[in-house]
Every structure is written in structure tokens, then in C-alpha cells.
Amino acid sequence: MEQHIDSQIEDLLYSYFKGDIDEPGKQQLAEWLAADPSHKDIWNRHSEQWAIAASLYFMENEKNDFDTNFSHLIKAEKQKHLHVVWRKWRNIAAVVLALISVGISAYYWGMENKVVEPQEILSELPARIITPRGSRSEVVLPDGTHVWMNSGTKLSFMYDKKEMVRNATLDGEAYFEVARDTSRPFVVQTKKLQVKVLGTKFNMKAYSEDHLENVSLLSGRVNVSLEQNMEKEYELFPNNQLNLNVETDDINLQPFSGADVIAWIHGEYRFSNLKFQQIAKDLERKYGVEIIIKSKRLANESFSGVFPADYSLEQIFREIDVEHRYVWFEKNKQWIIREK
């Protein structure tokens, strides 16, 4: 049965997910959540709708947003955009239908259902967000931090002002513009690394299935440490990148190009001296397919390239196979590549 809420609670939910709710509003929302178990179901439903709609809003406004934030690094390409009327909650259903029709999605997993005191309930509800393969999304966390999430990325976030907590867990790739708060460090934990910042801009790539993790700092400072040795920290400065081999724990620091690192936000794919087996993983996530490499020579061959957002997977294969050594074909979302 459809559950309904009054307009005041609806406004509070909207303000909370948008990140501009005040303390009295948070208390009122917490009391409402604690009053009836069914209210958590309403919370979950609205959080899902918010994240889906926010993903579509990101795609609709990607060009303007990208030009505003990244034009000094990358010359943005002209793109066609969806024309959607953005309203508060009344048109959520229409937005979801439009979203499904164009195949763009981001799933916001509902908040944890716990029985806690009303004043604690909001801080006990960690946000968990998934961006499926073949899509990208943007989210604004409750502390005001902006996060752009690449394909196949999972992000969990706990924000508790009382306990001075801003903790995120990342599996995938994300670009963070962290809201500055000197009293509450922003911490990102991956499988092997921990990054601690106060307010800065950085990109982090750490897919659990990859053998490399890296942190690329665009502005400000970050402190990076390994999970098994938290006492030793690496301080990064702008245009420094830390790379970790998760199998050997080897670390190297190197300069990087901001244009290359965050090109994915605009749909581009850039890589330098990268083995094809890693390129294939990136392409699988970008296009939402499976790539089967039936050539050890190709798997271990290294390439460099820049491909615009509108390139198809087959176009990329053609550009890579400049010496015409390989053939490929697609069947049921599986691309198989082998030598001629």
C-alpha cells in the first residue's frame, strides 16, 4: 500500500538530502523516523528517488557543471543533453521513468534500519551509494562535499557532527571536492589506503578487483597511509600522485596531469603506458560489458591514448589495433578478442 507523508516531513526530507537542513529540522526528522518503523521505509524510498534523480540532474547539467569546475584543465566537448524539468518531489516518478528510458542509473541503497534514540538516528544512518557499470553520477554528501563517481563505484558515508565524524569507504573511482571543516577531518578508506583531508580536491581510484590504487591531488593537501601501517603517512601536495601496488605494497610518488586524471568525469577515457588487461577492465566498467582476451601478447601489451566520450567500444579497439594483429566480435554483451 502506498504510504503518504505530510508536506512538512516531505520538505524536511528534501532539505536533508539536499544538505541544507538546520538542527531543529534534523531533530524533528529524527523524531519522525523513530516514531514508526514504517517511516524508515518511506526514508528508504525517498533516498532512492533522490539519488536516481540526482544522477539524472548530473547528466542534464554535466556540460555547464564541467565547464564551471574543470575548464582550466580540460577543453569540454559539445554534447547533446536531456531536457528535463527539475522540480522537487512532485515529478520524481516522471524523472525515474525518463531515467530508465535513457539507461542512465545510480542506485542509492537505503539507510540502515536500527532502533536508536531520536537524537542519534540521523547520524546512525550511513549513506551507501552505487553507480552501476556503464554510468557516472554526482552526489552531494550531507556535509556539503561534492563527489563525482565513475562506473562501477560504491561509496559509503557516515556523517556525525556530534562525534566529529566524516568517514567514507570507497570501492571504485571518485573525484572529491571536500567541504572544508577544520574540526572534522574527512577520511576515505579503501581496501589498502586511508586518505585524511580537511578540505581539498582529489581523485581516488581503488577498485577492489584491480591490483593498483592511486590518489591524485589537485589542490590542498592530503595525508595518505597504508591500512597495515597507519603510523607512516605520506603527505601529498598539488599535482602529486601516490600509486600503490596492492599485491606487493610497493608505493611510488609521481607528478600527474590533472586533465588526464579527471577526464572520466566528462566521459573521456585517457591512459598512458597501460597494459591492455587493465585497459580492458576500465572499458568493461565504462561500457557495461565483459571483455575476454584470448591473447597473452595483447593482454601484456602497453598502450597510450585519448578517446572522446562519444567513441564506441569498437572504435577504441580499432584505434588500439593499429598494426591489425587482432580480431574481435560481440555476443550477448561479451566482447572476445583474439589474434588473427
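Everything quoted here is computed from the prediction, not taken from an experiment.

So, empty space enclosed by the protein
Alright, step 1. Under the counting rule described, the total for this entry stands at one cavity of 30 Å³ or more.
Alright, step 2. Approximately 50 Å³ is the volume attributed to the largest cavity.
Alright, step 3. Taken together, F276, L298, F317, I320, D321, Y326, W328 and I337 make up the lining of the largest cavity.
Alright, step 4. Of all elements in the fold, only α10 (313-320) and β18 (326-331) reach the threshold of two or more residues within the lining of the largest cavity.
Alright, step 5. Grouping the constituent residues of the lining of the largest cavity by class yields seven nonpolar, no polar and one charged.

Notes on the side chain of S216
Alright, step 1. Structurally, S216 is set in strand β10 (residues 212-219).
Alright, step 2. Taking the relative accessible area as the measure of exposure, S216 reaches 0% and is therefore buried.
Alright, step 3. Polar side-chain contacts of S216 include one of 2.8 Å to the side chain of Q241.

Digging into α10
Alright, step 1. Regarding α10, the residues found buried are L313, I316, F317 and I320. One face of α10 carries all of its buried residues, which in axial projection span an arc of 100 degrees.
Alright, step 2. The elements touched by buried residues of α10 are α8 (276-287), β16 (290-294), β17 (302-307), β18 and β19 (334-339).

Some remarks on the packing of aromatic side chains
Alright, step 1. Under the counting rule described, the total for this entry stands at 10 aromatic pairs.
Alright, step 2. On the basis of an interplanar angle of 15 degrees and a centroid distance of 5.0 Å, the ring pair of F176 and F202 is categorised as stacked. Of the two residues, F176 is situated in strand β6 (residues 165-177) and F202 in strand β9 (residues 201-206); the sequence distance between them amounts to 26 residues. The same class applies to F176 and to F202, which are both buried.
Alright, step 3. Summarising the aromatic geometry, the rings of F276 and F303 are spaced 6.1 Å apart at their centres and angled 75 degrees between planes, so their arrangement reads as edge-to-face. With F276 in helix α8 and F303 in strand β17, this residue pair connects regions lying 27 residues apart in the sequence.

Regarding the confidence of the model for the protein
Alright, step 1. Residues of the protein with pLDDT of at least 70 account for 72%, and the chain-wide mean is 76.
Alright, step 2. For residues 69-124, every residue scores under 50 in pLDDT, and the model assigns this stretch 125 contacts once sequence neighbours within four places are set aside.

Some thoughts on unusual backbone geometry
Alright, step 1. Positive phi, close to 50 degrees, is recorded for N273, a residue that is not glycine.
Alright, step 2. Along the chain, N273 turns up in strand β15 (residues 269-275).
Alright, step 3. For H324, which is not glycine, the phi torsion reads 55 degrees and is therefore positive.
Alright, step 4. Note that H324 resides in the loop between α10 and β18.
Alright, step 5. With a relative accessible area of 55%, H324 lands in the exposed category.

Digging into α8
Alright, step 1. Taking 1.5 Å as the rise per residue, α8 with 12 residues should run 16 Å; its terminal C-alpha atoms sit 16 Å apart, in good agreement.
Alright, step 2. All buried positions along α8 are accounted for by F276, Q278, I279, A280, D282, L283, E284 and R285.
Alright, step 3. Of the residues flanking the end of α8, it is G288, one or two places downstream, whose phi is positive at about 65 degrees.

Criteria and thresholds
Residues numbered from 1 in each chain as written. Predicted model: local features only at pLDDT ≥ 70, side-chain atom pairs only at ≥ 80, totals over all residues. Heavy atoms only, no water. 1 Å grid on protein atoms, 1.4 Å probe; cavity = no way out; pocket = protein on both sides within 12 Å on 5 of 7 lines; lining within 4 Å. Points joined across faces, edges and corners; volume = space filled by probe spheres on them. Helix = DSSP H or I, 4+ residues; strand = E, 2+ residues; numbered from the N terminus. Nonpolar A, V, L, I, M, F, W, Y, C, P; charged D, E, K, R; others polar. Buried < 20%, exposed > 50% of the residue type's maximum accessible area, 1.4 Å probe, protein only. Polar contact = N/O pair within 3.5 Å; in protein donor to acceptor, adjacent residues only side chain to side chain. Arc of directions from axis to C-beta. Contact = heavy atoms within 4.5 Å. Phe/Tyr/Trp six-rings, centres within 6.5 Å; stacked < 30°, edge-to-face > 60°. pLDDT = per-residue confidence, 0-100. Expected span 1.5 Å × (residues − 1).

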